[in-house]
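# What the coordinates show
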Amino acid sequence: MIAMFSHPFIQHAFLAGTAIALLSGLVGYFVVLRGQVFAGDALSHVAYAGALAALAAGVDLRLGLFAATIAVGVALGLLGGRGVADDVVIGTVFAWVLGLGVFFLALYTAHGSTGNGAANVNVLFGSIFGISFGAAVVAALIAAGLIAVLLMIARPLLFASIDPVVAAARGVPVRLLGPLFLGIVGASAAEASQAVGALLLFGLLAAPAAAAQRLTDRPWPALALSGGLAVGAMWLGLWVSYVVPQLPPSFAIMSVAAAEYALAAIRPRLLATHAHRVDDTP
Amino acid sequence: MNLVEDVRLLLSYPFMVNALRAGTIVAVVAGAIGYFMVLRRESFAGHTLAVIGFPGAAGATWLGINAAFGYFGFCIAGALVIAAIPARHGGHSEESAAIGTVQAMALAAGFLFVSLYKGFLSGLNSLLFGTIIGVTDDQVVVLAVAGGACLLVLVAMARPLLFVSIDPAVAAARGVPVRLVNGAFLILLGVAAAGTSQVTGSLLVFALLVAPAATATRLTASPAVGVLISVAVAVLVTLIGEAIAYFSPYPIGFWVTSLAFGCYLLATGYRAIADRTRVRTA
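Residues numbered from 1 in each chain as written. Chains lettered and ligands numbered in written order. Predicted model: local features only at pLDDT ≥ 70, side-chain atom pairs only at ≥ 80, totals over all residues.

### Let's talk about the overall build of chain A
Summing up its helical and strand segments, chain A has 11 helices and zero strands in all. In chain A, the succession of α and β elements from N to C terminus is α-α-α-α-α-α-α-α-α-α-α. Across its three principal axes, chain A shows a C-alpha extent of roughly 65 × 50 × 35 Å. Within the span of chain A, comprising 282 residues, buried residues form 54% of the whole. Within chain A, counting contacts between residues at least 6 apart in sequence, those at least 24 apart form 76% of the total. (Helix = DSSP H or I, 4+ residues; strand = E, 2+ residues; numbered from the N terminus. Buried ≥ 20, exposed ≤ 12 C-beta atoms within 10 Å, placed from the backbone. Contact = placed C-beta atoms within 7 Å.)

### Some thoughts on the environment of Phe 251 of chain A
As for its position among the elements, Phe 251 of chain A is in helix α11 (residues 249–273). On the basis of neighbour count, Phe 251 of chain A is assigned to the buried category, with 26 C-beta atoms found within 10 Å. It is 7.9 Å that separates the C-alpha atoms of Phe 251 of chain A and Gly 237 of chain A, two residues lying 14 residues apart in sequence. In contact with Phe 251 of chain A, other than residues within four places in its own chain, are Ala 108, Ala 109, Phe 111 and Leu 112 of chain B.

### Points about the confidence of the model for chain B
Taken as a whole, chain B shows an average pLDDT of 87; of its residues, 94% reach a score of 70 or greater. When pLDDT is averaged over each element of chain B, helix α13 (residues 223–247) of chain B comes out on top at 93 and helix α6 (residues 123–129) of chain B at the bottom at 81. (pLDDT = per-residue confidence, 0-100.)

### Remarks on the interface of chain B and chain A
Each side of the interface is counted separately: chain B has 44 residues, and chain A has 40 residues. The set of elements that each furnish at least two residues to the side of chain B that touches chain A consists of α3 (43–63), α5 (92–116), α6, α11 (206–209), α12 (211–219) and α14 (252–281) of chain B. Counting residues per element, the side of chain B that touches chain A draws most heavily on α5 of chain B, which supplies 18 residues. Its residues placed into classes, the side of chain B that touches chain A shows 28 nonpolar, 14 polar and two charged. (Nonpolar A, V, L, I, M, F, W, Y, C, P; charged D, E, K, R; others polar.)

### Considering the packing of helix α9 (residues 201–215) of chain A against helix α10 (residues 219–243) of chain A
Residues and elements named next belong to chain A. Interaxial distance between α9 and α10 falls to 8 Å at its minimum, and their mutual angle equals 130°. The orientation of α9 with respect to α10, classified from their angle, is oblique. The hand of the α9/α10 crossing is right-handed. Where α9 abuts α10, its residues Leu 204, Pro 208, Ala 209, Ala 211, Ala 212, Gln 213 and Leu 215 lie against Ala 222, Leu 225, Ser 226, Leu 229, Ala 230 and Ala 233. Across the contact of α9 with α10, the residue classes tally to 11 nonpolar, two polar and no charged. (Axes fitted to C-alpha atoms, helices over the stretch in contact; angles between N-to-C directions. Parallel < 35°, antiparallel > 145°, perpendicular 65-115°, else oblique. Left-handed = near helix turned anticlockwise from the far one by under 90°.)

Now the structure itself:
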């Protein structure tokens, strides 16, 4: 258990993974609370297209990743006020965005020289064991900065999420908070896709948060629990993947997160099989 | 630029003939089922079923079984599970978080199978984003049988299905077995999603399941005409997409999604202009 930390790649993975998971858990709680899970789905498509566009253009992958996800996050936030587009429009647009990603992939494969297939798989499913020390530090610092901003706006954001009308009447800048928050979600999506890949970041945002909401109704404990469950999924997933090398880390992390949600969802039924409890607080 | 020569060239390759045959069958089924799916606002379920097909196909390939069985097995099983889930309780946001977790978990499981099957990583793109190479005669037969059965059932239940989709309460009062009809349609949707995945890849099914149907609903309110337009658009998009994919360096996923998205944009533009002129003449 201790021996595994003698490998530098494990140290880097835990450094980046812990920060990214904590960020995903905290941001994910507000995403689920605000009913903006669709934004997570949208951002995972955009993350793929953005990262591959950057690769095709020959610039750092992270540049395209962050630029695309933050821009689309803020745009979704600005449009969000005027009624949410229906699932048909969202589905059609984002299928096309993924198609564009495939186009950039072909461009990149045609003009690039080495490691093309690996780059594509890394964007789709992450490569946390391959993260360099420099990249891990940058990812951790960005995550720390985003967590700080999120905690600063957490109180008004919670107010605005639970009751936007009263919050607006009390002088909370609801119109400013929406786009700002989705910008943070976009940046978190870019962070998460470095750990578990563009296709799975949605799960890391949604599963721990949904599990936390199942376990408690009180907002602040739920927020902390969501962050804790995400970090727990990351640590356990990384460890399992280290012990059983056949399991890719993103699969192991996602499995733990999904198991957390499944356990939280069936917990009331498990408790009900024991005789009736005195109180039924979840 | 000689279109006749180009078409003759295309048809001289057996793999291309198989791809066009498979594409036509899949497009007819996807156009018809997709129309009802959009009418019933179940496009999220369609996407989830397609994503569930990915680990099925990857697992089947890993075990050395025909990928088509993996697609159909997992998609139909997934449809049965969704149909068995009782009437939704809890918030809408929690429900979409659960669906997101299931999707991410399915993608992660597919990735696990792909990485267990060493040397297959190049096939990952085909599974996710479609391919025109390697459609076998057997696969065409399986698709034709499944698609034919699907269309027969759809025609047989078209009238009650339309009734239930438009007004479930009245349909139930008139003695239509609403639950049975809903469940049967989900299974048809599973078959359609499994077939479509084999042409467009698991991530791009919306290009054939949603975009042609959405195009049709913009052009006409009549269900009969709508289904015909939807099928025609799906077939055209698929055949043209496959032909361009053959002559260009860019993959089929990009062309099919772009063409389908283009049709949808044109139909939306037409609708907007038609509505405006009607207002002006009235």
